[in-house]
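# Descriptive analysis of the structure
Residues per chain, in single letters:
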Amino acid sequence: MGCGRVGSSLAKALERRDHSVAMIDIDVDAFRRLGPEFRGITVKGVGFDRDVLVQAGIKQADGFAAVSSGDNSNILAARVVREQFGVHNVIARIYDQGRAEVYERLGIRTVATVRWAANQVLRGLLPEGSEPVWRDPAGNVRLVQVHTDDAWIGKRVHAIQTAAGTPLPFILRFGRGLVPNQATVLQDGDLVYAAVESDDLTRVEDVLGNPPGRP
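The structure reproduced in this document is the subject of the present report. What you are looking at is a predicted structure, and each value in this text was computed from that prediction instead of being measured. (Residues numbered from 1 in each chain as written. Predicted model: local features only at pLDDT ≥ 70, side-chain atom pairs only at ≥ 80, totals over all residues. Heavy atoms only, no water.)

### Let's talk about helix H3 (residues 71-85)
For H3, which comprises 15 residues, the first-to-last C-alpha distance of 20 Å matches the rise-based estimate of 21 Å (1.5 Å per residue) to within 8%. Burial in H3 covers these residues: Asp-71, Asn-74, Ile-75, Ala-77, Ala-78, Val-80, Val-81 and Phe-85. Where H3 is buried, its residues meet helix H2 (50-55), strand S3 (64-66), strand S4 (90-94) and helix H4 (97-105). (Helix = DSSP H or I, 4+ residues; strand = E, 2+ residues; numbered from the N terminus. Expected span 1.5 Å × (residues − 1). Buried < 20%, exposed > 50% of the residue type's maximum accessible area, 1.4 Å probe, protein only. Contact = heavy atoms within 4.5 Å.)

### What about the pairing of S4?
Of all five residues in S4, four are buried, a share of seventy percent or more. In this structure, S3 lies alongside S4, joined through three bridges in parallel fashion. By the bridge assignment for S4, Ala-66 is matched with Ala-92. Tracing the backbone out of S3, into H3 and back to the parallel element S4 gives a crossover that is right-handed. (Pairing = 2+ DSSP bridges. Right-handed = clockwise from strand over helix to strand, strands pointing away.)

### Brief notes about the sheet that holds strand S8 (residues 170-173)
The strand order across the open sheet formed by five strands is S6-S7-S10-S8-S9, and the pairing between neighbours is antiparallel. Edge strands, defined here as strands with exactly one partner in the open sheet, are strand S6 (134-135) and strand S9 (176-178).

### Comments concerning the pattern of salt bridges
A full pass over the atoms with the stated rule returns four salt bridges. In this structure, the salt-bridge partner of Asp-29 is Arg-32, at a minimum N-O distance of 3.6 Å. The exposure class assigned to Arg-32 is exposed, which follows from its relative accessible area of 68%. The salt bridge involving Glu-83 is made with Arg-79; its shortest N-O contact spans 3.0 Å. Here the residue Glu-83 and the residue Arg-79 both occupy positions in helix H3, the gap between them amounting to four residues, near one helical turn. (Salt bridge = Lys/Arg side-chain N within 4 Å of Asp/Glu carboxyl O.)

### So, the packing of aromatic side chains
Applying the stated rule across the entire model yields one aromatic pair. Measuring from ring centre to ring centre gives 4.4 Å for Phe-170 and Tyr-193, while their planes differ by 15°; the resulting arrangement is stacked. Residue Phe-170 is located in strand S8, and its partner Tyr-193 is located in strand S10 (residues 191-197); the two are separated by 23 residues in the primary sequence. Relative accessible area serves as the criterion here: at 9%, Tyr-193 is assigned to the buried category. (Phe/Tyr/Trp six-rings, centres within 6.5 Å; stacked < 30°, edge-to-face > 60°.)

### A word on helix H1 (residues 5-16)
Helix length check: H1, at twelve residues, gives a terminal C-alpha distance of 17 Å against a target of 16 Å (1.5 Å per residue), a fit within 8%. Those residues of H1 that fall on the buried side of the exposure criterion are Gly-7, Ser-8, Ala-11, Ala-13 and Glu-15. Next to the buried residues of H1 lie strand S1 (22-25). Looking one or two places after H1, you find Asp-18, whose phi comes out positive at around 65°.

### Concerning unusual backbone geometry
For Asp-18, which is not glycine, the phi dihedral falls at a positive 65°. Take Asp-18: its relative accessible area is 69%, and that puts it in the exposed class.

### What to know about a nonpolar patch on the surface
Nonpolar side chains collect at one region of the surface, where Val-133, Trp-134 and Val-141 lie side by side and expose about 260 Å² of accessible area between them. Residue classification places Val-133 among the partly exposed residues on the basis of a relative accessible area of 38%. (Patch = residues over 30% accessible without salt bridge, like charges linked within 9 Å, V, L, I, M, F, W, Y side chains within 5 Å. Areas by Shrake-Rupley, 256 points an atom, 1.4 Å probe, with all protein chains shown as cover.)

### What about the side chain of Gln-145?
Along the chain, Gln-145 turns up in strand S7 (residues 141-146). One polar contact links Gln-145 to Tyr-193, side chain to side chain, over a distance of 3.3 Å. (Polar contact = N/O pair within 3.5 Å; in protein donor to acceptor, adjacent residues only side chain to side chain.)

In structure tokens form, the structure reads like this:
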């Protein structure tokens with residue numbers, strides 16, 4: 001739902017992966033963003049209207065994304081789809097961070113646009129990985145980009161993981177993700193991601209942010 005820049009890009013990306021897509025938007029002109037090669041269904045209407053959803057094929061849908069420009073519309077549509085049509089793979093774009101956290105706890109995955117952008121900038125400005133890339137709805141577990149002291153360069157990622165006492169599921173090298181194996185060695189410029197319990201984050205940052213072997 002929502003054929004703006006995000007919705008149209010998402011629809012085209014899904015079609016490139018051979019998925020069937022239906023797009024809902026209240027403005028017919030918005031469908032022009034899909035381009036002439038779009039093979040899916042387009043339905044004019046609001047995404048929380050049951051008849052509109054049925055027309056778009058919600059009863060056969062495996063997932064639903066509410067990415068219009070309105071928080072209220074996205075929340076309503078996500079709840080109708082989840083609660084009345086039983087589609088559990090639902091994601092809603094929410095600008096209000098407080099609302100996003102509430103609906104995460106209700107089982108509706110959200111993308112808080114402002115928070116995401118701010119966190120991306122923070123991770124570029126700060127050496128610490130204090131802002132999560134991902135966290136569970138309860139806030140107990142998070143995936144963070146962590147700063148590593150230069151003295152770790154040349155060490156095997158497996159050994160670094162052992163020293164940190166928490167999984168390092170992947171690193172980003174020259175803009176590409178890499179799942180480390182037993183032989184992977186940390187190189188200069190690598191960005192390290194750690195999966196940590198929130199209460200353990202400070203300790204992990206302290207271990208990796210200092211030279212190995214520091215008491």
